[in-house]
Structures are given as structure tokens and as C-alpha cells.
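Spelled out, the chains give:
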Amino acid sequence: MTAAISIRDLSFDYPGSVSPFFSHFNLEISKGERFGLFGPNGAGKTTLMNLMTGLLTAKSGSILLEGLEIKNNHNAINKLFGLVPQELSFYQELTPVQNLEFFGAYSGLSTSEIKTRTDELLTILDLNDVRHKALEKLSGGMKRRVNLAIGVIHRPSLLFLDEPTVGVDVQTRFAIVEYLKALNMDGTTLVYTSHQLSEAEGLCNKIAMIDEGKIVAHDDLQALLSKHEQIGLEGLFINLTKPDA
Amino acid sequence: MHKLRATITKDFRVLMRDKIGIALMFGMPVLLVIIVTSIQNSTFELMNKNKITVLIYNLDSGRISKEFIDAVDKIGMFRIELDRRDQQQAKIIDRMHEQEAMLAMEIPADFSEKTMRAADVSAGKALESFGLEGDKAKPDSTGPLPLTLYYQPVLQESLRRSIEGALYSALQLVESKQVLRAVYFAVNEKTMPAGLEKSLMKNSVTLNSIPVSWDGIRHTPNASQHNVPAWTIFAMFFVVVSLGGGIVREKLSGSFTRLRTLPTSYFLVLLSKQLTYLTVTTLQAVIIFSIGIWIFPFIGLPTLDLPSDIGGLFVVTLVCGWCAVSYAICVGVFAETQEQANGFGAFSIVILAALGGLMVPGFAMPETLQMVMQLSPLHWCLETYSGLFLEGGTLADIWTNIVPILFTSVLLQAVVIMGLKMKRLI
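A. Region of the structure containing the environment of Q225(B). Residues and elements named next belong to chain B. Position of Q225 among the secondary structure elements: in helix α8 (residues 223-237). With 67 residues separating them along the chain, Q225 and G292 place their C-alpha atoms 8.7 Å apart. When sequence neighbours within four positions are dropped, the list of residues in contact with Q225 reads T303, L304, D305, F389 and L390. There is a polar contact of 2.7 Å between the side chain of Q225 and the backbone nitrogen of D305. Among the polar contacts made by the side chain of Q225, one reaches the main-chain carbonyl oxygen of F389 at a distance of 3.2 Å.

B. Up close: the packing of α8(B) against helix α11 (residues 266-295) of chain B. Residues and elements named next belong to chain B. Axis separation between α8 and α11 bottoms out at 9 Å; the angle between their running directions is 155°. Considering their axes alone, α8 and α11 lie roughly antiparallel with respect to each other. Helix-helix and strand crossings are classified by hand; for α8 and α11 the assignment is right-handed. When α8 is examined against α11, the residues V228, W231, T232, A235 and M236 are found in contact with a partner set consisting of T281, Q284, A285, I288, F289 and G292. Residue composition of the contact of α8 with α11, grouped by class: 7 nonpolar, 4 polar and no charged.

C. How the structure looks around helix α6 (residues 170-185) of chain A. All names here are of chain A. End to end, α6 covers 22 Å across 16 residues, agreeing with the expected 22 Å (1.5 Å per residue, within 8%). At its buried positions, α6 is contacted by β3 (34-38), α4 (111-124), α5 (140-152), β7 (158-162), β8 (189-193) and α7 (197-203). G187 occupies a position one or two residues after α6 and carries a positive phi of about 110°.

D. Representation of the nonpolar core in the model. F38(A), L148(A) and F237(B) are the most contacted members of the largest nonpolar core, which totals 123 residues. The greatest single-element share of this core, amounting to 13 residues, is contributed by helix α12 (residues 310-334) of chain B. Setting aside residues no more than four positions away along its own chain, F237(B) makes contact with C320(B), C323(B), A324(B), Y327(B), I349(B), P377(B), L378(B) and C381(B). If you look at the next biggest cluster of nonpolar residues, it comprises 31 residues, including I7(A), M49(A), L65(A) and A208(A).

E. View of the pairing of β3(A). All names here are of chain A. Taking burial as the measure, the 5 residues of β3 include 5 buried ones, the bulk of the element. On β3, burial covers both faces: R34, G36 and F38 on one face and F35 and L37 on the other are all buried. Two elements, β3 and β8, share 4 bridges in a ladder whose sense is parallel. When the sheet's bridge partners are listed, G36 is paired in β8 with Y192. Taken together, the 4 bridges between β3 and strand β9 (residues 206-211) define a ladder with parallel strand orientation.

F. Focus on the sheet that holds strand β6 (residues 81-84) of chain A. Residues and elements named next belong to chain A. The strand order across the open sheet built from 6 strands is β6-β7-β8-β3-β9-β10, with neighbouring strands paired in mixed fashion. What marks the edges here is a single partner per strand, and that holds for β6 and β10 (214-220). Between one strand axis and the next, the sheet turns by 15° as a mean value, whatever way the strands run. Helix-sheet contacts for helix α9 (residues 233-241) involve β3, β9 and β10, and the interaxial angle to β9 is about 35°.

G. Representation of the packing of aromatic side chains in the model. Using the criterion set out here, one finds 18 aromatic pairs over all chains in the structure. A ring pair is formed by F38(A) and Y192(A), whose centres lie 6.5 Å apart and whose planes are at 70°; its orientation type is edge-to-face. One end of the pair, F38(A), is in strand β3; the other, Y192(A), is in strand β8, and 154 residues separate them in sequence. As far as burial versus exposure is concerned, F38(A) and Y192(A) are alike and both buried. Summarising the aromatic geometry, the rings of F289(B) and F389(B) are spaced 5.4 Å apart at their centres and angled 55° between planes, so their arrangement reads as tilted. Of this pair, F289(B) sits in helix α11 while F389(B) sits in helix α15 (residues 377-389), and the two are 100 residues apart along the sequence. An aromatic cluster is built from F12(A), Y14(A), F21(A), F22(A) and F25(A), whose rings are joined through pairwise contacts. When the ring centre of Y151(B) is taken as reference, the NZ or CZ atom of R160(B) above it lies at 4.5 Å. Its guanidinium or amino end placed over the ring of F103(A), R258(B) lies 5.7 Å from that ring's centre, counting from NZ or CZ.

H. Highlighting the pattern of salt bridges. Following the criterion strictly, the structure yields 23 salt bridges over all chains and no others. With its nearest N and O atoms 3.2 Å apart, the salt bridge here joins R249(B) to E93(A). Placement of R249(B) in helix α9 (residues 240-253) and of E93(A) in the loop between β6 and α3 (96-106) is noted, with the two residues assigned to different chains. Of the residues examined, R249(B) reaches a relative accessible area of 27% and is grouped as partly exposed. By relative accessible area, which is 14% here, E93(A) ends up buried. For E113(B), the salt bridge is made with R117(B), and the minimal N-O distance between the two is 3.8 Å. Of this pair, E113(B) and R117(B) are both found in helix α5 (residues 111-129), 4 residues apart, which corresponds to roughly one turn of the helix. Using a relative accessible area of 31% as the deciding quantity, one classes R117(B) as partly exposed.

I. Fine view of the interface of chain A and chain B. Contacts between the two partners involve 36 residues from chain A and, on the opposite side, 27 residues from chain B. Interface of chain A and chain B: buried area, both sides summed, is about 2700 Å²; carbon and sulfur atoms make up 57% of it. Here chain A and chain B share 3 salt bridges between them. Between E101(A) and R13(B) there is a salt bridge whose closest N-O contact spans 2.9 Å. Listed by contribution, the elements that provide at least two residues to the side of chain A that touches chain B are α2 (74-80), β6, α3, α4 and α5 of chain A.

The rules behind each value
- Residues numbered from 1 in each chain as written.
- Chains lettered and ligands numbered in written order.
- Predicted model: local features only at pLDDT ≥ 70, side-chain atom pairs only at ≥ 80, totals over all residues.
- Heavy atoms only, no water.
- Helix = DSSP H or I, 4+ residues; strand = E, 2+ residues; numbered from the N terminus.
- Contact = heavy atoms within 4.5 Å.
- Polar contact = N/O pair within 3.5 Å; in protein donor to acceptor, adjacent residues only side chain to side chain.
- Axes fitted to C-alpha atoms, helices over the stretch in contact; angles between N-to-C directions.
- Parallel < 35°, antiparallel > 145°, perpendicular 65-115°, else oblique.
- Left-handed = near helix turned anticlockwise from the far one by under 90°.
- Nonpolar A, V, L, I, M, F, W, Y, C, P; charged D, E, K, R; others polar.
- Expected span 1.5 Å × (residues − 1).
- Core = buried A, V, L, I, M, F, W, Y, C linked by side-chain atoms within 4.5 Å.
- Buried < 20%, exposed > 50% of the residue type's maximum accessible area, 1.4 Å probe, protein only.
- Pairing = 2+ DSSP bridges.
- Phe/Tyr/Trp six-rings, centres within 6.5 Å; stacked < 30°, edge-to-face > 60°.
- Lys NZ or Arg CZ within 6 Å of the ring centre and 35° of its normal.
- Salt bridge = Lys/Arg side-chain N within 4 Å of Asp/Glu carboxyl O.
- Buried area = accessible area lost by both parts, 1.4 Å probe.

Just geometry here; none of it tells us what the structure is for.
What follows is the structure, encoded as C-alpha cells:
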């Protein structure tokens, strides 16, 4: 079975840095996983996500998404995955519908597909009442849901989520997590990173802990908890990423 | 096409929400063109149509002063106002301070007598040189009494010199005529017939003035023909505030990042922005030209006459618009914050407009600045519009001015791509 993501011997450094950020880094994420990527600030989570989505270019090594090398298959790869960035990446001046219309077209959907998907997503994410309101006038939680809707409008088989619930209330967080689980049930592989460890615990079935550009643990969540005799992800996180770990 | 249409729709929607940007792109230039044209119109009227009022205080009751006033009147550039009510110099100055006229002239009491005496002396000398005995009139020991010209200090130096030159010509005419009469009288002992005097004083050489315009027709410069194209160009380049700022917003909001992860080239985004804002610049031109044609006459300003080559005007408007849009995108790509884009964008346009001759005509600039002027794209835009609006040219006549605009636009586009790559945005 082809892996959803296969990273082999990856090396990367930022211009001007003394030592490489990633050196001979390897990681494999299987299709259908709800994969959590965790680590302290500066560990390399966002850098790794940017490398996997082609926003950054590796110095050497390869990254394959569903068997396609990202360097040479820009358009095909970009159709495969969706990205829900930490920043609210849309046009605040426009309404949810107008944003979805634009990003839907830009993702390659036809006008009728955009309409169907827009109605579907706004209903699922409970945004129907504000569909024609400018985003700058909506609450933080609503904006987060629109940010998510844009990332999934083209039904990607692989979804990257960088802190998708940051700054939202419990109800919105719950709604987003439930929607993500539903997406995964339909076959979407999730690659997720967050500092909300309790939320992550409920969502992820497989995790990797990285620190200073290296994987310090990679396994099923339950297996890791048993191995390190922890009852929750928070304890595991502290245990694995503490200075003398 | 579907993606391009969606992107253009998005750009128009974003633009329509930018109320301040719209006000700056449409409201400000319209106000500027009306205000500046109104201000400059009085200067143009003064130079082209209005005669300069001159108060003449004639203290002389003789024939020569009347002839001199007639000669001044015939020059055609003065509206003469004779005043005999008050003959004190202080009163003349008071009336000048009250802005009643730009000029005043005082003709002294014995002007005719002294001029005639001087003419007799000149005639006597002339006859003597021919070996004839002339009237032995003695020169006036007090010398000729000067005419006094008062002028407002705001009068431009060049205009004042022209006025002085014209007045000297009138004076010369009157004096020459008087010398001729004295010579004739000395020889014939009778007054010179009017017909002979007229034919002798008539210029045998005439001045043939040819306007060097593309169509060979004289286009009288007026404030509308000058200002409307100039401020249209300024308006076009001012899209930098909306477009440059919009690009920075897109970069900072993360929309830019998201677009990079979608299966479409960013060049489509650039193309959409160019088409959207090219529509804006064309609309600006249509609105400002329409105001010049239909609104100006209602507010007492000269009607804007469109060039005969309307197709050429459309092409020039597109070329200038493309240059303005390219500049705005360039500013947007390199600016890090919206404040930078707006501040630098607006400031640079004012400077480029000043250097480009939009505010002060290029020919009035120092030589060094005239060289720097060539670097301002606004200068070349103004040149192309001037070729159409002021010189009656067609596209075929002005294409050499279009080349630098196109070159600048292509260069700016290349810099944009370089900037996007350098900043890892594409």
C-alpha cells in the first residue's frame, strides 16, 4: 500500500543558519491515519509541514505525497492535499461564500461543484446564517471554521492542519474536531499539529514527537503512552521533550 | 478562463470594499483636476484671452500723448483705462495696491512738447547730414521726460519684459512718425499728407507665424488641455495606494501562502490584478475626460477637446495604465507593511509627477532636472498625451514616446517576478 507521505533522507537548512535544521530525516505516514506532529516551540513542526506542502524546498532527500515526488509534480500534488494554516488565510473583506467561490475555482473546481461544496460545507460547519457577511465582521470561531472550509473545499485526500483550533471556544473546537474525524472516516489522511494536547489526544491515532529537527518518538498514541507509562499526551510530551530526555 | 474569471471577480469584490482606496483613486484626482484647472485657468486666460489692464494717467494734453495711447491700444495686449481724476503718484500706487490693475503708466505734462522738440532736433540733424539746411532747434536742456511704468511685483519677469518691449515699440512708432513729419515739413514747408504718412509708417516686412503642431493647426493652450491629461496620469499612478496595499495585505494575511499550495500558477493572480486595475485606470481616464468635456463648461472652465485620434487616445490610456499598474504591483511586492506601500507609494508618485513635469512644465526646469525627468515614467506618459491633446498628433506621430513607457512596464514586470522569487513567494 502506498504511504500517504514518505520522507526519505531529508536535509534542510534556513539560509544563513550554522547547522542544518533537518539532517537525514525520515518519516512515513500511512493513508487514513490521523497523524499528530508535536514538539516544543522551534522543534520544526511548521518547517516540516511547509516542506511537505512545498512551501519550502528541501536541500536534499525526497518527499513523496501518495507516491508523487513534490519537487516535480507541483500541480498534481497541489490537487491532492489541502492546507489549513495557523493564520486566517483568506480575504477578510469578502464573505464566506465569496472566499469559497474564489478558492474553489483556484483549486480547479467547476462552478456547479463550487456551489454544491459551498452549501455542503457551510451547513456542516454551521455557517449558513453568516454566509453573506464579510469575514471581518465574524467571530474568531466562525473565521476558523471558514479557514477550515477553504482547506477542504476540493475534497483533498490529504489534509495538513496547523493549529486549526487556536483561539476558539470549546464548542467550536469540538465542532471542528468532530468534522475532522468525519473527514477521516471518509478516507482523508490528516496531518495535524497543535499545542492543544487534550484535543490532539481525542483526534490522533498516531503521533510523532520531534525536537530540534529529530524524531524522538513515533508510534501509535496508545503504544507510546503504555511504553512511557503516561496516562495522557501532556505527560508524554513533557517526558519526551524535557532537556534530559 | 474559469479560474481567471473567478480571480478577477475576487479582485473586483476586494476593490469595491476598499472605500478609502476608491476615494483616493477617483475622488481625489477629480477634485485635483477641478481645483488645479480653475487656478491655472486664470493664468492661461491672462496670457491667452484677457487683455492686461493698464491705468494711464495722462497729464499731457498734447497730440503726441494721444497718438502714443492709440499706438499702445493697437498692440492688442492691453485694456486701457484712462484716468484724469487724480494726478498724484500716491493715488496711482494706492489703486495698484487695491489690485485694480497689473500696470499703470504716467505720461508727464510736457510729453508732447518735449517729444516734438526732440523730433525737430533729430530732423535737423538728418537734414544737415544730407547737406540741407534744417531747422536749428536746440535740444531740450532738461532732456526727455521719462514715462513712468508701475507694475505689480507678482507679474512674471518674462511678461514684464514683453510689456516693456511692446511699450517701447509704441513709443518708437510715435517718435519716428514725429521725426518723419518734421523732416517733411522742413523740406516741403507743409504738413505731410496722411496717406503718405501711413504708407511710410507701414511695415514692409511681415511676420509669418506657423504653429509647429502635428496637424498644422494652431491649438491655443488652455488650462483644461494641459491639466486634464496630467492629472489623469497622476490618478492612474495613484492606484499604487489601493493595489500596492492590497498585495501587502494578501501577503500578510496568509492568502498568498494558501494560493501557493493550490494547483494554479501565481501568474494568474498577477494577470487578474493587472486586468482589474487596467479597467480602473481606463475608468479613471473616462471619468476625468468626461468631466473635462461636460462639467468644465458649467463651472466656467474651458471645455476639454478630445484629440482627433480617439483610437490613439485609447491605446495611450491603456499603455499608461499598464505602466501605472506595473509600478503599483512592484511597490506591493517589495513593501513589507501596508504603511510602507501606502507611504512610499504616494510619496514616490508625487515626486515622479513633479519630476515628470506634471506640476511644473519640463521646459521651465533646470537642465539637470530635465535630464532626471527622462527617468520618470510619468514624463513619458505626459509626452504621449500632450502629443495628442496639445499638438494634434495621432498614434503614428507619438509612438516614439510610447516605447519608453512600454520598456518601463516590461522592466517593472521583470523586477516583480525577480522580487517574488527572491522573497520565495512563487
